[in-house]
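So the chains spell out like this:
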Amino acid sequence: MTPADPPTYAPHSAYHVLRSVNNIDYSVASAGEAADSAPASPVSWSQSNAVVFGRGNRVHYKNMADTEDVAQQLCKLTSSLGNLRLVQCGGKDQPNIVALATSNGWIQLWDLVAKKMVMNWKLKSVTSMCFGDNMLTVGDEKGTLRHYDPRVNDSTKLKEQLKKVTRHQGRILTGAWKEDGKFLATGDQNGLVLVWDARRPRVPLEVGEMVQRRRKMQHVGAVTALAWCPWQNKYLVTGDSTTEGTGTIRVWDVSLVDDNATSTSEWPTKVELDAQVTSLHFSPHIRELLSTHGPGKTAPPSTTPATPITPIEDPFTSIPLPVHIDPFVSKISNSVVVHQFPTMRHVTTVSVAKKNVAGSVLSPNGHRIVFEVPEESQLKVWEVWGKFKAPRAPSLYEACAIR
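Below is a summary of the structure that appears in this document. Please read these numbers as outputs of a predicted model, since none were measured by experiment.

**What about the pairing of strand E25 (residues 288-293)?**
- With six of six residues buried, E25 is to be regarded as a mostly interior element.
- Alternating positions in E25 separate into two faces, Glu288, Leu290 and Thr292 on one and Leu289, Ser291 and His293 on the other, with burial throughout.
- Pairing geometry for strand E24 (residues 277-282) and E25, over five bridges, is antiparallel. From the neighbouring strand, His281 faces E25, where its bridge partner is Leu290.
- Taken together, the five bridges between E25 and strand E28 (residues 335-340) define a ladder with antiparallel strand orientation. Its bridge partner lying in E28, Thr292 is registered against Val336.

**Quick notes on the sheet that holds strand E22 (residues 247-253)**
- In spatial order, the strands read E20-E21-E22-E23; together these four strands make up an open sheet with antiparallel pairing. With partners counted over all chains shown, the strands left at the sheet margins are strand E20 (222-228) and strand E23 (270-273), one partner each. In this sheet, neighbouring strand axes are inclined to one another by 15° on average, regardless of whether the strands run parallel or antiparallel.
- In terms of strand pairing, E20 meets strand E21 (residues 235-241) through six bridges, oriented antiparallel. The residue of E21 that forms the bridge with Ala225 is Gly239.

**A word on the environment of Val126**
- Tracing the sequence through the fold places Val126 in the loop between strand E10 (116-122) and strand E11 (128-132).
- Counting along the chain gives 24 residues from Val126 to Thr102, while the straight-line C-alpha distance between them is 7.4 Å.
- Apart from the residues lying within four places of it in its own chain, the contact partners of Val126 are Leu86, Ala101, Gly105, Ile107, Val138 and Gly139.

What counts and how
Residues numbered from 1 in each chain as written. Predicted model: local features only at pLDDT ≥ 70, side-chain atom pairs only at ≥ 80, totals over all residues. Heavy atoms only, no water. Buried < 20%, exposed > 50% of the residue type's maximum accessible area, 1.4 Å probe, protein only. Helix = DSSP H or I, 4+ residues; strand = E, 2+ residues; numbered from the N terminus. Pairing = 2+ DSSP bridges. Axes fitted to C-alpha atoms, helices over the stretch in contact; angles between N-to-C directions. Contact = heavy atoms within 4.5 Å.

Structure, rendered in structure tokens:
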């Protein structure tokens, strides 16, 4: 292939597949008195293929296998519980369980099939939730992680079997269990990422870059996205959001736990962007990574005259075309960006909203994605990756045919 040749992409790549399907009405209840609370993300996609989401303090669910299905109400939270802040569906071992968290620290477990609450308990705060193998991990404002066994059907016994650890020094914003349930990654508002071994859950692994004789995984901004690579188990990808409106994607080799080990990766381990990273997803079908982004950098108050119109040359005409140059406008504002992995080469960028894309959830089969756009009161359903079609093997007749 010569440098002039454009790259080619498989038919099931997001380059060919990414497109809008439909929208779902959605709204996020206010944070109430806690103005500095963690961002709300009341939407999740269950293993039984239902999207569970909030409309204010009402929780709804929609069967995504039926395009004509109308969203149904699961429950309505009373004012004494606080406002709905988080929704998290169970893993493969709990396909019909969904966890709800409120601004007052209440956690409820609901059965989607029976449409009833199976358990509830209260903490001082809940800022993140994620399910692993028979495990619900909850993070809070002060950096404490609590591990619950959702199979226990009594709240008293649930608390007795609780495993609790504090290593983060700030609000935990996100967490993700590896698909095999062996490792957990968590990220906080101070930019610290920790990786935990399920066999030794009280001490995080020393992985990352060498900082003062110890390995550390550190971002500049708050860690707002985590994703484990499903087909290269040693890679964890993290994303942050800075107060300036920028973001960075980092690629970590979590197999480097030896103090003397050094990374020899030939691929990029850091991608700096001009917009916040709000979510990350790997495709299970193709070597691609998807990231969603917020509004990006904002221009400071102008103290100089407007940038003059600068002519540029159009390659198809000899007449210069005038354009405005605005260095403060993000190129990926409110967009989804797809990268090849691990090369991190750009595949495609598509603007999916006019307002902040606060996050996203991927379908269990990895073919569709839902973008959260609370400022537009919408969940936007898109096709993202197609089905891989293996080349058809020639029949015995075709293989033996005389040409």
